[in-house]
Amino acid sequence: MKNLKDKFPNLPERIIGLGELSYNLWWSWHPAARMLFKMVDRPAWKESIHNPVRMLREIPREMLESAANNPDFLRHYDTVLARFHNELGVKSSWFTENVTDTECLPIAYFSAEYGLHHSLPFYAGGLGFLAGDHLKECSDLGIPLTAVGFMYPEGYLRQKIRVDGWQEQIDQVLDRDAAPIERVFNKEGQQLIVKVPFIDPPVHVAVWKVSVGNVPLYLMDTDIELNDPWNRLISARLYTGDIEQRLRQEIVLGIGGREILDTLGIKHSILHLNEGHPAFALLEKIRERMEEGMNFEDAAEQVRAATVFTTHTPVPAGHDVFPFHLMDKYFSSYYPMLGLSREEFFQLGMHPENPGAGFNMTAFALRMSAYHNGVSRRHGEVARKMWQPLWPDRKEKDVPIDSITNGIHVPTWIEPKMELLFNKYLGEGWLKDHDSPDIWESVDDIPDKELWQAYIWVKIKLINFIRERARKRWVEDRPSPLNVVAGGTLLDPMTLTIGFARRFATYKRADLIFHNPERLKKLLNDRWRPLQIIFAGKAHPADDEGKRILQRIFNFADNPDFGGRIAFVENYDEQLAQYMVHGVDLWLNNPVPPMEASGTSGMKAALNGVPHLSILDGWWIEGYNGKNGWAVTGRGDESDAESIYTLIESEIIPLYYELDDNGIPHGWVKIMKEAIKNTGAAFSARRMVKEYVTKFYHEALKSVV
Ligand SMILES: *Cc1c(COP(=O)(O)O)cnc(C)c1O
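First, a word on scope: everything that follows refers to the structure included in this document. The model shown is predicted, which means the values in this text are computed figures rather than measured ones. (Residues numbered from 1 in each chain as written. Predicted model: local features only at pLDDT ≥ 70, side-chain atom pairs only at ≥ 80, totals over all residues. Heavy atoms only, no water.)

1. Topic: the site of the ligand
Here is step 1 of the chain: Taken together, the neighbourhood of the ligand is formed by 13 residues, with Phe129, Lys508, Thr600, Ser601 and Lys604 sitting nearest.
Here is step 2 of the chain: Between the ligand and Ser601 there is a distance of 2.5 Å, counted from an oxygen atom to a side-chain nitrogen or oxygen.
Here is step 3 of the chain: The side chain of Lys604 places a nitrogen or oxygen atom 2.6 Å from an oxygen atom of the ligand.
Here is step 4 of the chain: If the ligand stood free it would expose 390 Å²; the protein chains cover 95% of that surface.
Here is step 5 of the chain: Those elements giving two or more residues to the shell around the ligand turn out to be helix 9 (126-141) and helix 25 (601-607). (Near = heavy atom within 4 Å. Polar contact = N/O pair within 3.5 Å; in protein donor to acceptor, adjacent residues only side chain to side chain. Areas by Shrake-Rupley, 256 points an atom, 1.4 Å probe, with all protein chains shown as cover. Helix = DSSP H or I, 4+ residues; strand = E, 2+ residues; numbered from the N terminus.)

Structure, rendered in structure tokens:
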């Protein structure tokens, strides 16, 4: 990276590598690197909300100089930097050893969102974290991959809850210079700006880059002066409600993204589309081949053979369908270049059961890719049923949609204290081989007392974090005291704590546990064996039903009848997710089946010894083994709520509060251990990415050599 000195004028030469490290998210999944930044100055690290670029730019020169003169710091610095350069420069990897050792062009990965770190608000939920974890794991495994997405300066939304419980959004624009993103420069030394081809009036995008270990992620930003105001807003926010703007986003993502790779001279081997949003990239690949003289069929066949498509949801709103008049507006000069008539072009995105609805991005992506998958076994079945009409001559079970169950990037989601404990009992090499199930057998060797004490420490950290957020809000915004209470200031670390945090989409039924408020109240207010529940999550700005559910929960949280045992923590983001999945006692998930395609937050919790209580849907159908948590068969609100209450009353509470003389709940700890053992390998991003490679990438690569 160039001009580190301009970027960090206060950084002494001896430790200039901190600047380089701050611009590669590699630091975020290596505790020793995080520790390095923390060692510079703990309060400044906290103040920057764990964003090293901001910290290094803002702290006084003297502090940096004092670090540069501190032998302890320098020793640590040299070790971390050596490892950083060593890992990034490495030539041999799992990929070169197992797939191909000949130089291979990168796989191009396109996604509308990326959940990488809370300093980069480019995600709304699970889809984004899946993409982020995929990139990190590809870096770890040495898989050549280049990713493309959007830089959303206004992110998804910053949430604030009014005293009456209604969700409001606060406008907040990302300070691009204080985030771990770099401008990409052209030959003249200016930020690279690319014109999206074939759109009128023209849209220009500025190009940014995020380094995710060895994986570069290029981000597009339309908020630049060259663009008219409407165009500037294209990349303002994730998932705008306006259908035309959304179409324009997807044109920029697919067609603009393709153009950026070309401009940068990055040739790719195969294309992996994460959900249908970026599927227009396929049109460009076909068009380019036709420019070289191929006919449409041959070009399409070639492109198909080198394309992987992952579908992520059975929820209809998750599949974009663009009305024909809008497609005409943007594509009427495009489809002739493909040698297609208007009808032939629209056929590509037609859903056979609803041909008049418009251009369906998922149908299009499925038709134009040879490899496609759902994100859990169950979701694979659901997707085969859902998309069977695209293969009318095949039986549902023979529909060629495979499944690859999601996984989480273990180094990102493991709590550091737990990592130390695993180092001690699983052996120092556990992280390197964490997708091997055998490694995890040694979890049984961890003494109950040690696991429990480490866990309690993490739980207290969560509650302190929540209280600190509420306290800050109290001081800075002077809200009603009700906000402070509802925000979690009355939480008690000795009480059995359930966590529920995710997007407030209605199918996730965030308020199901309030189905019978009287019954819940008894549990919360039990004098000897109380229960408390921490909620967090955002409703989509256009989803009033989701906001009403959120409001209902908030109104329970500030109602004294519920004992101060319900908390709603504002602004769920990656940082809060880290604290919550590590620090609650039990992770609750109660979607309407089969709408939860996979769900990954429960994996993050289980990896850290937080068992899962969930409807049997998504990953939990594969994950539940009778010993590692609790399962409920989804049969409708009434029955599901009843089952959840009964499990909590008759199994969960008694087990949690059954302590030995030293205060250790051995029965509970047994379940914690089972949760860890069953998650670390099977639901890791490492297992997942290896599956993408062996099932899809490896095959598809054969078509491009
Ligand atoms: C993991 C994660 C999600 C996805 O969790 P689900 O269980 O799939 O809902 C959403 N938001 C954040 C912040 C996460 O970390």
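Text resumes after the structure shown.
2. Things to note about the nonpolar core
Here is step 1 of the chain: Ranked by size, the top nonpolar core spans 145 residues in total, and within it Leu18, Leu21, Phe280, Phe331, Phe345 and Tyr697 carry the most contacts.
Here is step 2 of the chain: Broken down by element, this core gets its largest block of residues, 9 residues, from helix 29 (residues 685-704).
Here is step 3 of the chain: For Phe280, the residues in contact, after removing those within four places along its chain, are Leu247, Glu250, Ile251, Gly254, Ile255, Met327, Phe331, Phe359, Met361 and Phe364.
Here is step 4 of the chain: Judged by nonpolar contacts, the second largest core, of 92 residues, contains Ile414, Leu531, Val581 and Trp668. (Core = buried A, V, L, I, M, F, W, Y, C linked by side-chain atoms within 4.5 Å. Buried < 20%, exposed > 50% of the residue type's maximum accessible area, 1.4 Å probe, protein only. Contact = heavy atoms within 4.5 Å.)

3. Quick look at the environment of Ile653
Here is step 1 of the chain: Along the polypeptide, Ile653 turns up in helix 27 (residues 637-656).
Here is step 2 of the chain: Along the sequence, Ile653 and Leu496 sit 157 residues apart, while their C-alpha atoms lie 7.6 Å from each other.
Here is step 3 of the chain: Beyond its immediate sequence surroundings of up to four residues, Ile653 is in contact with Leu496, Leu523, Arg529 and Ile648.

4. A word on the pattern of salt bridges
Here is step 1 of the chain: Throughout the structure, instances matching the rule amount to 55 salt bridges.
Here is step 2 of the chain: The closest approach of N and O atoms between Asp328 and Arg342, which form a salt bridge, is 2.7 Å. Of the two residues, Asp328 is situated in helix 14 (residues 324-331) and Arg342 in helix 15 (residues 342-347); the sequence distance between them amounts to 14 residues.
Here is step 3 of the chain: Here Arg342 falls in the partly exposed class, since its relative accessible area comes to 30%.
Here is step 4 of the chain: Residue Lys521 pairs with Glu518 through a salt bridge whose shortest N-O separation is 3.2 Å. Here Glu518 and Lys521 lie together in helix 22 (residues 517-524), a separation of 3 residues that amounts to about one turn. (Salt bridge = Lys/Arg side-chain N within 4 Å of Asp/Glu carboxyl O.)

5. Observations concerning the sheet that holds strand 15 (residues 496-501)
Here is step 1 of the chain: Strand order in the open sheet formed by 6 strands is 17-16-15-18-19-20, and the pairing between neighbours is parallel. Among the strands making up the open sheet, the edge pair consists of strand 17 (566-569) and strand 20 (629-632). Taken pair by pair, the neighbouring strands of this sheet meet at an average axis angle of 20 degrees, ignoring direction.
Here is step 2 of the chain: Here strand 15 pairs with strand 16 (residues 531-536) via 6 bridges, running parallel. Each bridged residue has a counterpart across the sheet, and for Ala501 the counterpart in strand 16 is Ala536. (Pairing = 2+ DSSP bridges. Axes fitted to C-alpha atoms, helices over the stretch in contact; angles between N-to-C directions.)

6. Things to note about unusual backbone geometry
With glycine set apart, most residues show a phi of negative sign, and most peptide bonds adopt trans.
Here is step 1 of the chain: A cis amide bond links Pro593 with the next residue in sequence, Pro594, at an omega value of 0 degrees.
Here is step 2 of the chain: Note on placement: Pro594 falls in the loop between strand 18 (586-589) and helix 25.
Here is step 3 of the chain: The residue Phe198 is not glycine, and still its phi comes out positive at about 65 degrees.
Here is step 4 of the chain: Here Phe198 shows up in the loop between strand 6 (193-195) and strand 7 (204-212).
Here is step 5 of the chain: With phi around 55 degrees, Asn571 is a residue other than glycine that occupies positive phi space.
Here is step 6 of the chain: Tracing the backbone through its elements, the reader meets Asn571 in the loop between strand 17 and helix 24 (574-583).
Here is step 7 of the chain: On the basis of relative accessibility, which here comes to 10%, the residue Asn571 falls in the buried class.

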